[in-house]
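Here are the chains, one letter per residue:
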Amino acid sequence: QVQLVESGGGLVQAGGSLRLSCAASGLTFSAYGMGWFRQAPGKERELVAGISWGGSTYYSDSVVGRFTISRDNAKNTVYLQMNSLKPEDAAVYFCAADPERGRFYSTAIGSWRYWGQGTQVTVSS
């Protein structure tokens with residue numbers, strides 16, 4: 001049974017930083033692309049960043065230069081380092097795994113096979 005467990009969310013002031021973690025189990029972690037999505041109230045879930053099994057990365061325009069996705073295959077964990085946070089970054093952040101055809105840049109929610117429960121990020125202005 002595949003499980004993705006996010007952690008690291010919380011309340012931070014604008015301009016601050018947070019690091020999210022997603023611990024994966026039940027799958028051969030090193031073989032799969034991973035991604036971070038977010039969903040704000042009343043908005044659609046959107047891809048924030050993705051990373052291939054080999055370490056290639058993708059970022060949405062809204063976070064490029066501020067967020068960094070990385071993975072530690074020895075720990076079966078993917079990270080999202082978020083710097084220079086803005087109030088508009090506030091959302092529930094979800095970890096996702098195993099994108100269809102390995103397309104770690106896919107924005108289509110349905111193309112990602114596994115999902116975590118999410119972690120709340122709140123940014124105060």
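Summarised in this report is the structure supplied together with it. Model, not experiment: these values are computed from the prediction. (Residues numbered from 1 in each chain as written. Predicted model: local features only at pLDDT ≥ 70, side-chain atom pairs only at ≥ 80, totals over all residues. Heavy atoms only, no water.)

1. Some words on the nonpolar core
- Met34, Trp36, Val78, Leu80, Met82 and Tyr93 are the most contacted members of the largest nonpolar core, which totals 28 residues.
- If you list the elements that add at least two residues to this core, you get strand 3 (18-25), strand 4 (34-39), strand 5 (46-51), strand 7 (67-72), strand 8 (77-82), strand 9 (91-99) and strand 11 (119-124).
- In contact with Leu80, other than residues within four places in its own chain, are Leu18, Arg19, Leu20, Trp36, Val48, Ala49, Phe67, Thr68, Ile69 and Tyr93.
- Judged by nonpolar contacts, the second largest core, of five residues, contains Phe37, Phe94, Ala96 and Trp112. (Core = buried A, V, L, I, M, F, W, Y, C linked by side-chain atoms within 4.5 Å. Buried < 20%, exposed > 50% of the residue type's maximum accessible area, 1.4 Å probe, protein only. Helix = DSSP H or I, 4+ residues; strand = E, 2+ residues; numbered from the N terminus. Contact = heavy atoms within 4.5 Å.)

2. Section: the side chain of Asp89
- Within the fold, Asp89 resides in the loop between strand 8 and strand 9.
- Of note is the side chain of Asp89, whose polar atom sits 2.7 Å from the side chain of Arg66.
- Polar contacts involving the side chain of Asp89 include one to the main-chain amide nitrogen of Lys86, which spans 2.8 Å.
- Ignoring any residue separated from it by four or fewer positions in sequence, one finds Asp89 in contact with Arg38, Arg66, Phe67, Ser84, Val121 and Val123. (Polar contact = N/O pair within 3.5 Å; in protein donor to acceptor, adjacent residues only side chain to side chain.)

3. A closer look at the pattern of salt bridges
- Under the definition given, this model contains four salt bridges.
- The partner of Arg38 in a salt bridge is Asp89, and the shortest N-O contact between them spans 2.9 Å. With Arg38 in strand 4 and Asp89 in the loop between strand 8 and strand 9, the pair connects residues that are 51 residues apart, well separated along the chain. As far as the burial class goes, Arg38 and Asp89 line up, both buried.
- In this structure, Arg113 and Asp98 form a salt bridge, with 3.7 Å as the shortest nitrogen-oxygen distance. Separated by 15 residues along the polypeptide, Arg113 in strand 10 (residues 112-115) and Asp98 in strand 9 bring together distant segments of the chain.
- With a relative accessible area of 57%, Arg113 lands in the exposed category.
- For Asp98, a relative accessible area of 15% corresponds to the buried category. (Salt bridge = Lys/Arg side-chain N within 4 Å of Asp/Glu carboxyl O.)

4. A few points about the packing of aromatic side chains
- This structure, assessed with the given rule, holds three aromatic pairs.
- Site record: aromatic cluster; members linked through ring pairs are Phe37, Trp112 and Trp115.
- The cationic tip of Arg71 hangs over the ring face of Phe29; the distance from NZ or CZ to the ring centre is 4.5 Å. (Phe/Tyr/Trp six-rings, centres within 6.5 Å; stacked < 30°, edge-to-face > 60°. Lys NZ or Arg CZ within 6 Å of the ring centre and 35° of its normal.)

5. Description of the environment of Ala49
- Its place among the elements puts Ala49 in strand 5.
- Expressed as a C-alpha distance, the spacing of Ala49 and Leu80, which sit 31 residues apart in the sequence, is 8.2 Å.
- In contact with Ala49, not counting residues within four places along its chain, are Met34, Gly35, Trp36, Tyr58, Tyr59, Ile69 and Leu80.

6. What to know about the environment of Ser62
- Among the structural elements, Ser62 can be located in the loop between strand 6 (57-59) and strand 7.
- A residue is classified by how much of its surface remains accessible, and Ser62, at 37% relative accessible area, is partly exposed.
- Considering only alpha carbons, one finds Ser62 and Asp89, 27 residues apart in sequence, at a separation of 8.9 Å.
- A distance of 3.1 Å separates polar atoms of two side chains, one belonging to Ser62 and the other to Ser60.

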